[in-house]
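Observations on the model geometry
Okay, here's what each chain looks like letter by letter:
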Amino acid sequence: MDGIMVINKPENYTSFDVVAVMRKFLKTKKIGHAGTLDPMATGVLPILAGHATKIQNLLQGYSKEYRAKFQLGLITDTEDTSGKILKKNLVNVDVETLRKVISTFVGEIKQVPPMYSAIKKDGVRLYSLARQGIEVSREKRVVTIDDIELENYNEEMHEATMLVRCSKGTYVRTLCADIGTQLGCGAAMSGLERTRVGGFTLEKSITLDRAKELASENKLDEVLLSIGSVLFKYNAVNVTDAQTIRFLNGGGLALDRISAKDAQDGQKLRVYGTDGKFLGLGVVNMAKKEMSVYKLLYTK
């Protein structure tokens, strides 16, 4: 079975837990996911099956959207409320002050990755070091916050919820902590829901319980998205039967013989045969004046 299924990850499951469950339901060994979620987090987790695992790197580059809850006045070692409380501070922050501070984080910003993360330092995961009580220096990383919307703020309880649209690699709990630092009282993320990954939305996702029901009825294919359909950001070209054979054998196709208008060097294209079958991705090579094979994704 080849395709993408959008799962609404439940709380207290790792992304690998979800993959393990879906491996049984889909009855395939070739399976992966696009975009790791921490156990605390819920929401959109694209599961890739069969040939779809070949496009994992392409999907991980998509922008994301999160709904994050955070508690002001709380500082923890994990930057969220699952960690050890390091300090509690008094909070004197009104909604307008909070909204003003949050707006300063929109745009290109630098983040220091948290110690409790999967990033490697000298070949060792940071979270492994953190669990041993070891803290090491981390280089700041540039990420982009496209927009932040403060959805609500309880001034009495000092709890807030915001909708964040951001680039890949953004640590939302670090964003919460940095907002707290800017406010002078600290903050810790108390909940996180990923609502979108590229074109995959929460509304189009299914729960693991629903996936189990569909698997028992042999109907999982009804909610499986085709590989070609999720690569919609790439322009499509149709090729002849002879070109199909050449492309599937790894051969490049002359640009003047395919419908690739205004092609640019390095541009990726979705390639379809005469029967509408998705063959894979091609990439424009202007030096050779051809579309070379980028990834073959054809399923018989």
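Everything numeric in this text was worked out from a predicted model, so none of it was measured.

Some details on the overall build of the protein
Scanning the protein for helices and strands turns up 8 helices and 18 strands. Along the three orthogonal principal directions, the C-alpha set of the protein runs to about 70 × 50 × 40 Å. When burial is assessed residue by residue, the protein has 47% of its 300 residues classed as buried. When the accessible surface of the protein is totalled, it reaches about 15800 Å², and 47% of it is carbon and sulfur. Computed over 43 positive and 35 negative side-chain charges, the separation of the two mean positions in the protein equals 8 Å.

Looking at the pairing of strand 17 (residues 278–285)
Extensive coverage of strand 17 is indicated by the burial of 7 of its 8 residues. With 5 bridges joining them, strand 16 (residues 268–272) and strand 17 adopt antiparallel strand pairing. By the bridge assignment for strand 17, V271 is matched with G280. Hairpin geometry of strand 16 and strand 17 is characterised by an intervening segment of 5 residues between the two adjacent antiparallel strands and by a positive phi of about 80 degrees at G276. Summarising the sheet, strand 17 and strand 18 (residues 290–296) pair through 6 bridges and their orientation is antiparallel. Paired with V283 across the two strands is S292, which belongs to strand 18. The turn linking strand 17 back onto strand 18 is made up of 4 residues, and K289 within it adopts a positive phi angle of 55 degrees.

A closer look at the pattern of salt bridges
Oppositely charged side chains may form a pair once their charged atoms are brought near each other. For the structure shown, the criterion picks out 8 salt bridges. The shortest N-O distance in the salt bridge between R165 and E65 comes to 2.9 Å. In this pair, R165 is assigned in strand 11 (residues 159–166) and E65 in strand 4 (residues 64–72), connecting sequence segments 100 residues apart. The exposure class assigned to E65 is buried, which follows from its relative accessible area of 14%. We note a salt bridge from R67 to E193, for which the minimum N-O separation is 3.6 Å. Taken together, the positions of R67 in strand 4 and E193 in strand 12 (residues 187–197) put the pair 126 residues apart, joining distant regions of the chain. For R67, a relative accessible area of 29% corresponds to the partly exposed category. A single network of salt bridges, built from pairs that share partners, joins E65, D147 and R165.

Digging into helix 8 (residues 241–248)
Every buried residue belonging to helix 8 is among Q243, T244 and F247, and all of these are buried. Buried residues of helix 8, viewed axially, fall in a sector of 105 degrees; they line one side. For helix 8, the exposed residues lying more than 90 degrees away from the buried face are D241, A242 and I245. Those residues of helix 8 hidden inside the fold are in contact with strand 15 (253–254), strand 16, strand 17 and strand 18.

Rules used in this analysis
- Residues numbered from 1 in each chain as written.
- Predicted model: local features only at pLDDT ≥ 70, side-chain atom pairs only at ≥ 80, totals over all residues.
- Heavy atoms only, no water.
- Helix = DSSP H or I, 4+ residues; strand = E, 2+ residues; numbered from the N terminus.
- Buried < 20%, exposed > 50% of the residue type's maximum accessible area, 1.4 Å probe, protein only.
- Areas by Shrake-Rupley, 256 points an atom, 1.4 Å probe, with all protein chains shown as cover.
- Lys, Arg positive; Asp, Glu negative; His and termini not counted.
- Charge placed at Lys NZ, Arg CZ, Asp CG, Glu CD.
- Pairing = 2+ DSSP bridges.
- Salt bridge = Lys/Arg side-chain N within 4 Å of Asp/Glu carboxyl O.
- Arc of directions from axis to C-beta.
- Contact = heavy atoms within 4.5 Å.

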